[in-house]
Amino acid sequence: MNKIANILLPSNRLLQKIKEQTEYALNCGALKSIPTEYELIRDKEIDFLVRIVTNLGRKDKAKKKQKKLGKAFNPFLPYEKALFVADILDTHVCLLNKFNVVDYHLLIITRDFEEQETLLTLNDFVALCACLLQVDGLGFYNNGEIAGASQRHKHLQLVPFPLVPELSKTPIDNIIETAKYQDNIGQLPCFNFVHGIVNIQLQDNNNILELAQQTLESYHYLLKCLKISINQKGKPEPYNLLVTREWMMMIPRSQPKYESISINSLGFAGALLVKNEQQMELLREVKPLTILEKVANSLMNN
């Protein structure tokens, strides 16, 4: 993966291609959207977007099938042709998320198998930047099961803005401006757990490779500053990564869920998913920020 891949993604066509492929995949039954209802729950300065699933039957059935097949099962090798959106690089393709909760949810996957728990590479960031320049949204990466990854095959994800009509971007964008910076690493006063933010600039007129290199450097800087160790096999400790056109945030993880509520990268952007009314009541009682604090690394131990 040291060689820089060729960019295959055509200019200014990705969003239209996503919409066309979504319609096709829904019509042929390949796309199994999970219906949800949502509400905004305020905790301190953040209006958390909380979705409650109204029918998890399809995904639960798929999970049971995957469990039966064991670790050898890989839904991306081969991937379903009906979910294919575009070639991004020689090394990466873009697919629709089969069990999407958010409209037009994309997966950016490596063509060949790579472990999800390995470090992100320059080509990973070239692929992500190429997509983000065409689709303004939230890119994210769940590094390992503890961080919320459900597949071993390396994949980044991208959800377009707005997540819901009431929010222009993420629920936390209004508090990103309150970040306190030291050595170019920002921290949010209301996030009482280990995390770091760096400012980035992804603009349409920039060179994709140059942007990807800068973003990769920011990624490694966050790994270093947050003291995320990497073992001899090149696997870092679990973390979540969020990337927009303006900022990147990393959060080391200590556990995958709080009681029965699973948390992935989207949770730290202020978007949470609960499976039933009992989980919703638990979330209301405990409060979203406390739940995030429980699954991240404590500031006391850092």
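Structure: above.
Since the structure is predicted, the reported quantities are computational estimates derived from the model, not experimental observations. (Residues numbered from 1 in each chain as written. Predicted model: local features only at pLDDT ≥ 70, side-chain atom pairs only at ≥ 80, totals over all residues. Heavy atoms only, no water.)

A. Fine view of the overall build of the chain. A count of helices and strands for the chain gives eight helices and 15 strands. For the chain, whose C-alpha radius of gyration is 18 Å, the value lies close to the compact-globule estimate of 19 Å for 302 residues. Projecting the C-alpha coordinates of the chain onto the three principal axes gives extents of approximately 45 × 45 × 40 Å. Burial statistics for the chain: of 302 residues in total, 51% are counted as buried. Relative to all contacts within the chain whose residues are 6 or more apart in sequence, the contacts with residues 24 or more apart total 69%. For the chain, the computed accessible surface area is about 14,800 Å², with 48% contributed by carbon and sulfur atoms. (Helix = DSSP H or I, 4+ residues; strand = E, 2+ residues; numbered from the N terminus. Rg over C-alpha atoms; globule rule 2.2 N^0.38 Å. Buried < 20%, exposed > 50% of the residue type's maximum accessible area, 1.4 Å probe, protein only. Contact = heavy atoms within 4.5 Å. Areas by Shrake-Rupley, 256 points an atom, 1.4 Å probe, with all protein chains shown as cover.)

B. The arrangement of helix 1 (residues 14–28) in detail. With 15 residues, helix 1 ought to run about 21 Å at 1.5 Å a step, and its terminal C-alpha atoms sit 21 Å apart, in line with that. Buried within helix 1 we find Leu14, Ile18, Gln21, Thr22 and Ala25. Projected onto a plane normal to the axis of helix 1, the buried residues spread over an arc of 110 degrees and lie on a single side. Seen from the open side of helix 1, the exposed residues pointing more than 90 degrees away from its buried face are Glu23 and Asn27. Contacts from the buried residues of helix 1 go to strand 3 (84–87), strand 4 (92–96), strand 5 (106–110) and helix 3 (122–134). Just downstream of helix 1 lies Gly29, where phi reads positive at about 85 degrees. (Expected span 1.5 Å × (residues − 1). Arc of directions from axis to C-beta.)

C. Structural detail: the state of the cysteines. Across all of its chains, the model carries zero disulfides by this definition. With no disulfide of its own, Cys225 lies 20 Å from the sulfur of Cys129, the closest cysteine sulfur. (Disulfide = S-S within 2.5 Å.)

D. Local environment of the sheet that holds strand 15 (residues 271–274). In spatial order, the strands read 1-2-15; together these three strands make up an open sheet with mixed pairing. Edge strands, defined here as strands with exactly one partner in the open sheet, are strand 1 (36–43) and strand 15. When strand polarity is set aside, the average angle formed by the axes of neighbouring strands in this sheet is 30 degrees. Pairing analysis gives four bridges linking strand 2 (residues 46–53) to strand 15, with the strands arranged parallel. What sits directly across from Leu49, in strand 15, is Ala271. Sitting on the sheet, helix 7 (residues 277–286) touches strand 1, strand 2 and strand 15, and the angle it makes with strand 1 is about 10 degrees. (Pairing = 2+ DSSP bridges. Axes fitted to C-alpha atoms, helices over the stretch in contact; angles between N-to-C directions.)

E. Quick peek at the environment of Ile88. Considering the arrangement of structural elements, one finds Ile88 in the loop between strand 3 and strand 4. Through-space distance from the C-alpha of Ile88 to that of Gln187 is 33 Å; in sequence the pair is 99 residues apart. Discounting residues that sit within four places of it in the chain, Ile88 has contacts with Asn6, Ile7, Leu8, Leu9, Val93, Cys94, Ile108, Ala127, Ala130 and Cys131.

F. Layout of the side chain of Asn74. Locating Asn74 in the fold gives a position in the loop between helix 2 (57–69) and strand 3. Side-chain polar atoms of Asn74 contact the backbone nitrogen of Phe76, separated by 2.9 Å. In this view, Asn74 contacts Phe113 and His153; residues no more than four positions away in its chain are not counted. (Polar contact = N/O pair within 3.5 Å; in protein donor to acceptor, adjacent residues only side chain to side chain.)

G. Examining the packing of aromatic side chains more closely. Evaluation of the coordinates by the stated rule reveals six aromatic pairs. Summarising the aromatic geometry, the rings of Tyr141 and Tyr239 are spaced 6.3 Å apart at their centres and angled 50 degrees between planes, so their arrangement reads as tilted. In this pair, Tyr141 is assigned in strand 6 (residues 137–143) and Tyr239 in strand 11 (residues 239–243), connecting sequence segments 98 residues apart. Pair check on accessibility: Tyr141 and Tyr239 agree, each one buried. Ring centres of Phe193 and Phe268 lie 5.5 Å apart, and the angle between their planes is 70 degrees; this geometry places the pair in the edge-to-face category. (Phe/Tyr/Trp six-rings, centres within 6.5 Å; stacked < 30°, edge-to-face > 60°.)

H. Region of the structure containing the nonpolar core. Counting 50 residues, the largest nonpolar core has Ile88, Phe125, Tyr219, Tyr239, Leu241, Met248 and Met250 as its most contacted members. Looking at this core, the element that brings in the most residues is helix 3, giving 10 residues. Within the second largest apolar cluster, 45 residues are counted, among which are Leu49, Leu138, Phe191 and Phe268. (Core = buried A, V, L, I, M, F, W, Y, C linked by side-chain atoms within 4.5 Å.)

I. Expanded view of helix 7. Looking only at helix 7, the buried set comprises Gln279, Met280, Leu282, Leu283 and Val286. Axial view of helix 7: buried residues confined to an arc of 160 degrees, hence all on one face. Across from the buried face of helix 7, at angles greater than 90 degrees, the exposed residues are Gln278 and Glu285. Against the buried residues of helix 7 lie strand 1, strand 2, strand 13 (257–258), strand 14 (261–262), strand 15 and helix 8 (288–295). Its side-chain oxygen 3.2 Å from the backbone nitrogen of Gln278, Asn276 forms the N-cap of helix 7. Downstream of helix 7 by a residue or two, Lys287 has a phi angle that is positive, lying close to 85 degrees.

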